[in-house]
Amino acid sequence: MPELPEVETVRRDLHRLLRGQWVKNVSVNKEKMVRGSTSLFKRNLRGLLVQGVKRRGKLLIFSMTDDKSLLVHMKMTGQMIYQSKQTLVGGGHGQPRVKRDELPNKYTHVVIVFGDGARLFFNDMRQFGYMRLVNAKQLEQVVKRFGVEPLSKAFTPDKLRRLVRGRKTSLKNVLLDQRGVAGLGNIYVDELCFLAGVRPMRRADKVTDREIVKLHKAAINVLKRAIAARGTTFNSYRDGLGGEGKFVRMLKVYGRSGKLCVRCKTILKRVKIGGRGTVYCPVCQK
DNA sequence: ACGAGTACCTGTCGGC
DNA sequence: TGCCGACAGGTACTCG
Ligand SMILES: [Zn+2]
């Protein structure tokens, strides 16, 4: 589910809402969603203050006091949803006008309660995600495995050129590899390949310098616009307040196989690359 | 070292 | 209706 724009949207929401809050209580309904000992996790997290919320690639990082960090990966269907103590959107006279989604629900695996009574729900239908509490040294070990942040100055056409050099796998596989560029996923790789006019199944080391420049520009462009739209809600993605992202309206190829190309009206094709569904325009992309 | 394939879960959708 | 297979935003592992 969440790729860089979605995780960044959640990060911004939660940073604003949780900075300065302290953890009053932690409940874990499904132990496998917490890496390591659940009892240690609860005991060590309780009492810490949230100093800020950061992100590396698709990994959410809550910077806590005591040199600890709470790592959260939402994988495909994870959600991190905040609710203040007074949560009902009221009609003003008892009954809430809008029936909001009830939390916790059957996919809520961890609930963190803060000092002011606000709650943070970690939901994950497919249970691929995880939470992990680490110290400074462990954080460094985790973070150093990620490649360049695509919205940082370090991400240049030259950097991308070096990443495809000598790679016999597909361009798509290189772009999805988090050790190279951190944060791209299936949606935005398909989208940026369309914007750049390059087929994602092309052998990475056969992509030309001109195309590299276009891919680099398209990556930055699509990620920035997706963040501005608060991400893509295709199915389960929700922002830090349970709201939906609006970028699905802007998608040119992802989820549109069999439909007409927005640029040339050709029928979009679907193939599999590295086990991932992939959509492209056979005319606009070379 | 690299690249390909599979496992981890639960749900939805389309075909018969 | 029901059953069955394919598919879903991501990694982490194994094998050759
Ligand atoms: Zn086209």
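Below is a short write-up of the structure. (Residues numbered from 1 in each chain as written. Chains lettered and ligands numbered in written order. Predicted model: local features only at pLDDT ≥ 70, side-chain atom pairs only at ≥ 80, totals over all residues. Heavy atoms only, no water.)

Digging into the overall build of chain A
Point 1. Looking only at helices and strands, chain A has seven helices and 10 strands in total.
Point 2. Against the 2.2 N^0.38 benchmark of 19 Å for 286 residues, chain A shows a C-alpha radius of gyration of 20 Å, consistent with a compact globule.
Point 3. Taken along the three principal axes of its C-alpha coordinates, chain A extends 55 × 50 × 30 Å.
Point 4. In chain A, which comprises 286 residues, the proportion classed as buried is 51%.
Point 5. In chain A, 60 positive and 22 negative side-chain charges are present, and the distance between their average locations comes to 4 Å. (Helix = DSSP H or I, 4+ residues; strand = E, 2+ residues; numbered from the N terminus. Rg over C-alpha atoms; globule rule 2.2 N^0.38 Å. Buried < 20%, exposed > 50% of the residue type's maximum accessible area, 1.4 Å probe, protein only. Lys, Arg positive; Asp, Glu negative; His and termini not counted. Charge placed at Lys NZ, Arg CZ, Asp CG, Glu CD.)

Some details on the packing of helix α4 (residues 157-164) against helix α7 (residues 209-228)
Point 1. Packing of α4 against α7 leaves a shortest axis separation of 9 Å and a crossing angle of 120°. As summarised for this structure, α4 and α7 are arranged oblique, according to the angle between their axes. Note on packing geometry: the crossing formed by α4 with α7 is right-handed. Taking contact as the criterion, the partners of P157, L160, R161 and V164 in α4 are, on α7, D209, I212, V213, L215 and H216.
Point 2. In terms of residue class, the contact of α4 with α7 is made up of six nonpolar, one polar and two charged. (Axes fitted to C-alpha atoms, helices over the stretch in contact; angles between N-to-C directions. Parallel < 35°, antiparallel > 145°, perpendicular 65-115°, else oblique. Left-handed = near helix turned anticlockwise from the far one by under 90°. Contact = heavy atoms within 4.5 Å. Nonpolar A, V, L, I, M, F, W, Y, C, P; charged D, E, K, R; others polar.)

So, the packing of aromatic side chains
Point 1. If you walk through the whole model with that rule in mind, you get two aromatic pairs.
Point 2. Aromatic side chains F234 and Y254 sit 5.1 Å apart centroid to centroid with 80° between the ring planes, which places their arrangement in the edge-to-face category. Residue F234 is located in the loop between α7 and β9 (269-273), and its partner Y254 is located in the loop between α7 and β9; the two are separated by 20 residues in the primary sequence.
Point 3. For F234, a relative accessible area of 39% translates into the label partly exposed. (Phe/Tyr/Trp six-rings, centres within 6.5 Å; stacked < 30°, edge-to-face > 60°.)

Quick notes on the side chain of R256
Point 1. Mapped onto the fold, R256 is located in the loop between α7 and β9.
Point 2. As a buried residue without a salt bridge, R256 has its nearest oppositely charged side chain in E191, at a separation of 7.6 Å. (Salt bridge = Lys/Arg side-chain N within 4 Å of Asp/Glu carboxyl O.)

Considering the sheet that holds strand β5 (residues 78-83)
Point 1. The strand order across the open sheet built from four strands is β1-β6-β7-β5, with neighbouring strands paired in antiparallel fashion. Strands at the two margins of the open sheet, each flanked by one partner only, are β1 (23-28) and β5. In this sheet, neighbouring strand axes are inclined to one another by 15° on average, regardless of whether the strands run parallel or antiparallel.
Point 2. Here β1 runs beside strand β6 (residues 108-114); their pairing, made up of five bridges, is antiparallel. Within β6, the position partnered with S27 by the bridge is V111. (Pairing = 2+ DSSP bridges.)

Concerning the coordination of the zinc ion
Point 1. Surrounding the zinc ion are the protein donor atoms C261 (SG), C264 (SG), C281 (SG) and C284 (SG), at 2.2 to 2.4 Å.
Point 2. Seen from the zinc ion, its four donor atoms lie at angles of 102 to 113°, and the figure they make is tetrahedral.
Point 3. The motif formed by the donor residues of the zinc ion, counted along the single chain, is C-x2-C-x16-C-x2-C. Of the two residues, C261 is situated in the loop between α7 and β9 and C284 in the segment after β10 (276-280); the sequence distance between them amounts to 23 residues. (Donors = N, O, S within 2.8 Å, 3.2 Å for Na, K, Ca; no water. Tetrahedral: all angles 85-135°; square planar, octahedral: opposite > 155°, others 65-115°.)

Structural notes on unusual backbone geometry
Point 1. The residue after L103, namely P104, is reached through a cis peptide bond having omega 0°.
Point 2. If you trace the backbone, P104 turns up in the loop between β5 and β6.
Point 3. Although it is not a glycine, K75 adopts a positive phi angle of roughly 45°.
Point 4. Within the secondary structure, K75 is located in the loop between β4 (68-73) and β5.
Point 5. Even without being glycine, K265 reaches a positive phi, approximately 70°.
Point 6. Classification of K265 by relative accessible area gives exposed; the value is 55%.

Overview of helix α2 (residues 38-45)
Helical geometry: 3.6 residues make up each α-helical turn, so side chains three or four residues apart lie on a common side.
Point 1. Within α2, burial applies to T38, F41 and L45. Down the axis of α2, the buried side of the element spans an arc of 60°, and every buried residue falls inside it.
Point 2. Phi turns positive one or two residues past the end of α2, at G47, with a value near 95°. (Arc of directions from axis to C-beta.)

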